[in-house]
Amino acid sequence: MDLSDRDYALVTALCGGLPLTPRPFLALAHAVGMEEDDVIARLHSLSTAGIIRRLGVIVRHRELGYRANAMVVWDIPDHAVEDVGQRLGSCPEVTLCYRRPRRLPDWPYNLFTMVHGRDRTEVTGMIAAMAEREGLRNHRRETLFSTRRFKQCGAHYGQRQAAE
Amino acid sequence: MDEIDRAIINSLQGGFPICDRPFAAAAAPLGLSETQLMARIERLLADGVLTRFGPLWHAERLGGALSLCAMAVPEDRFDEVAAMVNAFPEVAHNYARDHALNMWFVIATEAPERKDEVLTEVQALTGLRVFDMPKIEELFVGLRFEA
């Protein structure tokens, strides 16, 4: 889907979030000089095209009590990584699953999953159970717990105009 | 946070209606009024339970670039390096993790070519190697949390 200047204007206007007013799309329309109906139609299109992954509340997981945040990285043979990734990605414990490049010799891992839980003991147990269940016990893996969060803000998009 | 806040969080991580009175439409199944729902969301934002109320964008489909980067930062330079990295507006988040590679951050840029520039600038500024690990394939993005 090609994005127009108007789409980028909408992206910019939405950077701070949706206005908390009974007709937020009317407020957006005023901000970008469009009609409310057009804003609604464009946002439906952006949503259908998957450019908006979802619309709603975006939580700070720590504040919900998910204090243990583990990045679990796996060394999976290249021929199997897609299949294993699909399976891990559909595990209820996993909130994100990406295939990424190894950086040998320092970094042998090519599959990255995030697992969140109440505390480290719970998360360590979840990961071990998952590895057992998926037959991955003998694959090399590491669990990197986060110790501090420095920054968590949405990326800033939309300042750029569509290409002329 | 009470039961109503939990219900809001559990039901509105996505699926917020796109229509002329979306708060009214979203409030009805929760047994709330439009005004009550807006006030609740405003307070959850003020309390820091929510980072945002709005869209979660698919960065690459917006034409931008995104990468997960890691560095091995000497312990005595950690705060100094964190400040340097976080000062880049392109750094969307940054976590310290338990590993030799102890700093993990995400670079998100609107212009795809800007990503490598930021990487080079971070390396030049800190004198440390940045391991760049852009995704090859997205296998699952859920990031939904039950309250």
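Once a new chain begins, its residue numbering starts again from 1 and follows that chain's sequence as written. Following the order in which they are written, the chains are lettered starting with A and the ligands numbered starting with 1. Side-chain atom pairs in this predicted model are given and counted only at pLDDT of 80 or more, local residue features only at pLDDT of at least 70, and totals for whole chains, interfaces and linings cover all residues. Think of the side-chain values as coming from all heavy atoms in the structure, minus any hydrogens and water.

Student: Explanation requested: the interface of chain B and chain A in the structure shown.
Tutor: As a measure of interface size, the accessible area lost when the parts come together is often cited. Whether two residues touch is decided by their heavy atoms; if any such pair falls within 4.5 Å, the residues are in contact. With 75 residues of chain B in contact, the opposing surface of chain A contributes 78 residues. Carbon and sulfur atoms make up 62% of the area that chain B and chain A hide from each other, which totals about 7500 Å². Summed over the three residues of chain B that lose the most area to chain A, namely Ile 18, Trp 57 and Glu 110 of chain B, the buried surface amounts to 11% of that side. A pair is scored as a salt bridge if a Lys or Arg side-chain nitrogen falls within 4 Å of a carboxyl oxygen belonging to Asp or Glu. One can count four salt bridges joining chain B with chain A. In this structure, the salt-bridge partner of Arg 120 of chain A is Asp 98 of chain B, at a minimum N-O distance of 3.0 Å. In the analysis that follows, any N or O atom pair within 3.5 Å is treated as a polar contact, provided that within protein one partner can donate a hydrogen and the other can accept it, and provided that, for residues neighboring in sequence, both atoms belong to side chains. Linking chain B to chain A there are 32 residue pairs in polar contact (both at pLDDT 80 or more). A per-class count over the side of chain B that touches chain A returns 45 nonpolar, 13 polar and 17 charged. Should DSSP find at least two bridges between two strands, the strands are taken to pair. Elements are defined by DSSP. Helices are runs of H or I of four residues or more, strands are runs of E of two residues or more, and each kind is numbered from the N terminus. Pairing analysis gives four bridges linking strand E3 (residues 94-99) of chain A to strand E6 (residues 137-141) of chain B, with the strands arranged antiparallel. Bridge pairing links Arg 99 of chain A to Glu 137 of chain B in E6 of chain B. Summed over both partners, the accessible surface that disappears when two parts come together, traced with a 1.4 Å probe, is what is meant by buried area. Residue polarity follows a fixed list, in which Ala, Val, Leu, Ile, Met, Phe, Trp, Tyr, Cys and Pro are nonpolar, Asp, Glu, Lys and Arg are charged, and the others, Gly among them, are polar.

Student: How should I be thinking about the side chain of Asn 102 of chain B in this particular structure?
Tutor: Within the element layout of this structure, Asn 102 of chain B appears in the loop between strand E3 (91-97) and strand E4 (103-109). Beyond its immediate stretch of four places on either side in the chain, Asn 102 of chain B contacts Met 71, Ala 72, Val 73, Glu 75, Phe 78, Tyr 95, Ala 96 and Arg 97 of chain B.

Student: Sorry if this is basic, but what is going on with the environment of Val 81 of chain A here?
Tutor: Tracing the chain through its elements places Val 81 of chain A in helix H4 (residues 78-89). Each residue is placed in one exposure class: buried if its accessible area under a 1.4 Å probe, protein chains only, is under 20% of its type's maximum, exposed if it is over 50%, and partly exposed if it falls in between. The exposure class of Val 81 of chain A is buried, given its relative accessible area of 1%.

Student: Can you help me understand a negative patch on the surface in this one?
Tutor: A patch consists of residues exposed above 30% relative accessible area that lack any salt bridge, with like charges linked at up to 9 Å and nonpolar side chains (Val, Leu, Ile, Met, Phe, Trp, Tyr) linked at up to 5 Å. Using a 1.4 Å probe, accessible areas were evaluated by the Shrake-Rupley method; residue-level cover was limited to the displayed protein chains. Positive charges are assigned to Lys and Arg, negative charges to Asp and Glu, while His and the chain termini are left out of the count. By convention, charge coordinates are those of NZ in Lys, CZ in Arg, CG in Asp, or CD in Glu. Where like charges cluster on the molecular surface, the negative patch consists of Glu 35, Asp 37 and Asp 38 of chain A together with Asp 20 of chain B. Here Asp 38 of chain A is to be found in helix H3 (residues 36-48).

Student: I would appreciate a short explanation of the domain arrangement of chain A in the present structure.
Tutor: Reported domain spans reflect what an automatic or database domain assignment gives. The domains assigned to chain A are domain 1 (5-48) and domain 2 (61-145). A separation of 37 Å is found between the C-alpha centroids of domain 1 of chain A and domain 2 of chain A.

Student: I would appreciate a short explanation of the nonpolar core in the present structure.
Tutor: General note: in soluble globular proteins, nonpolar side chains tend to be found buried as a group. Residues Phe 25 and Leu 43 of chain A together with Leu 37 of chain B are the most contacted members of the largest nonpolar core, which totals 41 residues. Mapped onto this core, the elements with two or more residues apiece are helix H1 (5-13), helix H2 (24-32), H3 and strand E1 (52-59) of chain A together with helix H1 (3-11), helix H2 (22-27), helix H3 (34-46) and strand E1 (50-57) of chain B. Counting 22 residues, the second-largest nonpolar core is a separate cluster that includes Leu 88, Ile 127, Met 130 and Ala 131 of chain A. Joining through side-chain atoms within 4.5 Å is the link that ties buried Ala, Val, Leu, Ile, Met, Phe, Trp, Tyr and Cys residues into a set, and such a set is a nonpolar core.

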